[in-house]
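Coordinates in review
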Amino acid sequence: LHPTHSVLISFFFSSIFCLFRVTTFSSLHPFWLFVCCDKRNIMITPRFEAEQNSEFVIVHIETPHIKIAEVEFTIEERQFKLYVKPYFLRLTFEKECVEDGTEKATYDATKGVITAFIPKKNKGEVFEDLGMITQLLTSKAKPDVKPLIEVVSSTNANGEEEAVPPSQRQGFDPSLIDWEVEQQLPPGEDSGFVLSHDAPAYGFNRAYSKVFEAVGDIVYEALDLHQPDTTKEGEREELQIRREVEDFDCDHYLSDRVFNEDEVKRLVSWKAEWETAPSGVEYQFTKEEFDLLKDLPKKEYLIQDPRSVYAGLIDLLFAYAYDRRTSEGEGTCESDWTFAKLSSTLSWLRNFASIEQALSACYRRSLCYPLYRHFALAEKVQADVMCILRRGRAYTVHCLLTMKKVLDMSDRKYLLSRIYLNDYCSFIQMLRDEYLLFLANEVESCRIVPSSVQLPVAELDAFAAEHREEMLADREGGGEAGERAMLQ
């Protein structure tokens, strides 16, 4: 090569390497961070934390490597906006603020934190939901209307106006749902909102379809439902129960019922985080969780089927609580499998008509697939779900975020996070804690008995009670009588 060419090639690769270093270590090079952001027109949403007193909403905003003279902020009714290159933050509150001359901002150069004091329009008013990150970041086009889109009436084909039931509007109180009414699908039809006329809908609020068409054989490892884009919703339940009855292992269940009883009792008696945390103390999101929350969908929801959405939440939390209890809070390398396998929502894309139906499916799957298969363990996990809901929205979102992080890292199950966990994490922040308390009471009052899981659990429990001592004695003696009894 000509020497000039060599120099040019060397300069080219050196430039690429330097650009990589600047991008990777931008926190150490604020000047280059500004250059890159200017060229790419990228604005960064900074981490923040909001609190309040009787007069102000106080927002602490992490903005390292800035020029304090360039900070600009505005207050417009319910919105607060702050801009300083390369950061932009827009927060929308549920109640009004005002620019009255008392607003101010301070900057701690050591910590790189701006503290903004935003005056309340009505002094002494309590601003709720200051800990709900995604909700604060969600812009509302009409400040005086809670939902961004709320259909209160529509016109039918005859030109007559029809009211939309309140149960379909966002934030609908689940206590107003008649959980005893069984929903039936019309023969040969799907219910709910379908995005594509020739494909079934699934995911949160039935908002997705044809998601798995392009992933090929991945669907066989991600789901138990092997044809999600052609199997109608009404067929999923039948296929699921038939598969679970076939997969139920009587020997494994009896073994846990007799030989692993002490281990199961130890797991049941283990005190989980949600049981030991002080009551009345709201969970505080970590920085990692904050980054996940600010990247979630910033939208409001028109719920098509509130029964299914709330029951699906119970189903997801059951899978989470089972995984954490059986691993004593640590999780395992198989947690993604446990989440997806125990949750009918994730494994079969199910929509439930009631909390009882969702819990029955949770019990059945916990007796068919994981390492520990015991009815008493399933009962304890149901109690765990109740405790999690009573901890409030922030802690419930924390549990869902944990599931999301695990599934996002899975080569096969990341799509389940996108069509369920993302939306659930956003939606739960927009509810009231009273809604979750109601759901917790519903979970507590729901009694699942062995006969309701459609497995021969009652018969096996009776057999274990009758032959327990004989099987234990025979196992200690190395005999085969106990094994033969199990096989019979």
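This text goes with the structure placed above it.
Residues numbered from 1 in each chain as written. Predicted model: local features only at pLDDT ≥ 70, side-chain atom pairs only at ≥ 80, totals over all residues. Heavy atoms only, no water.

What about the pairing of strand 5 (residues 87-92)?
Our working rule: Criterion used throughout: strands pair if DSSP finds at least two bridges between them. Strands here mean DSSP runs of E at least two residues long; helices mean DSSP runs of H or I at least four residues long; both are numbered from the N terminus.
Bridge count for strand 4 (residues 79-84) against strand 5 is six bridges, and the pairing is antiparallel. Bridge pairing links K81 to R90 in strand 5. In this structure, the hairpin formed by strand 4 and strand 5 is closed by a connection of two residues.

Quick word on the pattern of salt bridges
Heads up, the rule is: Definition used for salt bridges: Asp or Glu carboxyl oxygen within 4 Å of a side-chain nitrogen of Lys or Arg. Relative accessibility thresholds used throughout: buried, under 20% of the residue-type maximum; exposed, over 50%; partly exposed, between the two (1.4 Å probe, protein chains only).
Taken as a whole, this structure holds 29 salt bridges when the rule is applied. Taking the shortest distance from any N to any O, the salt bridge between D224 and R365 comes out at 2.7 Å. With D224 in the loop between helix 4 (218-222) and helix 5 (233-247) and R365 in helix 13 (residues 355-366), this pair connects stretches of sequence that are 141 residues apart. In this structure, D224 and R365 share a single accessibility class: buried. Salt-bridge contacts for R393 lead to D433; the nearest nitrogen and oxygen are separated by 3.2 Å. Taken together, the residues span a long stretch of sequence, with R393 in helix 15 (residues 393-408) and D433 in helix 17 (residues 433-445) at a distance of 40 residues. For D433, a relative accessible area of 33% translates into the label partly exposed.

Some remarks on the environment of R243
Using the following cut-off: Any two residues whose heavy atoms approach within 4.5 Å are treated as being in contact.
Following the sequence through the fold, R243 ends up in helix 5. Look at R243 and you get partly exposed, because its relative accessible area is 27%. Sequence separation of R243 and L225 is 18 residues, and the distance between their C-alpha atoms is 10.0 Å. When sequence neighbours within four positions are dropped, the list of residues in contact with R243 reads D224, W348 and Y369.

A look at the sheet that holds strand 6 (residues 104-108)
Cut-off, in case you're wondering: Axis angles are defined between N-to-C directions and span 0 to 180 degrees, where every axis is a line fitted to C-alpha atoms and, for a helix, only to the segment in contact.
Across the sheet, four strands lie side by side as 1-2-7-6; this open sheet has antiparallel pairing. A single partner strand is all that each edge strand has here, and the edge strands are strand 1 (48-52) and strand 6. Shown here is a sheet whose adjacent strand axes are inclined to one another by a mean of 15°, direction ignored. When strand 6 meets strand 7 (residues 113-119), the two strands line up antiparallel, connected through five bridges. Each residue of the ladder has a partner; that of Y107, found in strand 7, is I114.

Brief notes about unusual backbone geometry
If a residue is not glycine, its phi is most likely negative; likewise, a peptide bond is most likely trans. With an omega of 5°, the peptide bond running from K85 to P86 counts as cis. Residue N205 is not a glycine yet carries a positive backbone phi of 60°. Relative to the elements of secondary structure, N205 occurs in the loop between strand 9 (161-163) and helix 4. Exposure remark for N205: the relative accessible area of 14% places this residue in the buried category. Although it is not a glycine, L349 sits at a positive phi angle of roughly 55°. Structurally, L349 can be placed in the loop between helix 12 (344-348) and helix 13. On the accessibility criterion, L349 (0% relative accessible area) is buried.

Looking at helix 11 (residues 335-342)
Since there are 3.6 residues in each turn of an α-helix, residues three or four apart along the chain are aligned in direction. Most of helix 11 sits inside the fold, with seven of its eight residues counted as buried. Looking at the packing, one finds that the buried side of helix 11 touches helix 10 (306-326), helix 12, helix 13, helix 15 and helix 16 (414-429).

Comments concerning the packing of helix 14 (residues 375-390) against helix 17
Filter applied, for reference: Orientation categories follow fixed angle ranges, with anything under 35 degrees roughly parallel, anything over 145 roughly antiparallel, 65 to 115 roughly perpendicular, and all other angles oblique. Two helices that cross are described as forming a left-handed crossing if the nearer one is turned anticlockwise from the farther one by less than a right angle, and a right-handed crossing if clockwise. Side-chain classes are defined by residue name, with Ala, Val, Leu, Ile, Met, Phe, Trp, Tyr, Cys and Pro counting as nonpolar, Asp, Glu, Lys and Arg as charged, and the others, Gly among them, as polar.
Where helix 14 meets helix 17, the axes come as close as 8 Å, and the angle between the chain directions of the two elements is 165°. In terms of orientation, helix 14 and helix 17 fall into the roughly antiparallel class. Like other packed secondary-structure pairs, helix 14 and helix 17 cross with a definite hand, here left-handed. Within the contact between the two elements, helix 14 uses Q382, V385, M386, L389 and R390 and helix 17 uses L436, L437, L439, A440, N441, V443 and E444. A class-by-class count of the residues in the contact of helix 14 with helix 17 yields eight nonpolar, two polar and two charged.

Let's talk about the nonpolar core
Put simply, the rule is: By nonpolar core we mean a set of buried residues, namely Ala, Val, Leu, Ile, Met, Phe, Trp, Tyr and Cys, connected to one another through side-chain atoms within 4.5 Å.
F48, F93, F212, L389 and L400 are the most contacted members of the largest nonpolar core, which has 116 residues in total. Ranked by the residues each element gives to this core, the list is headed by helix 10, at eleven residues.

Section: the environment of F88
Residue placement: F88 occurs in strand 5. Classification of F88 as partly exposed rests on a relative accessible area of 30%. Taking the C-alpha atoms as reference points, F88 and T63, 25 residues apart in sequence, are found 9.8 Å from one another. Sequence-distant contacts of F88, that is, excluding residues within four places in its chain, are made with M43, I44, T45, P46, L82 and Y83.

Function cannot be read off these values alone, since they describe shape.
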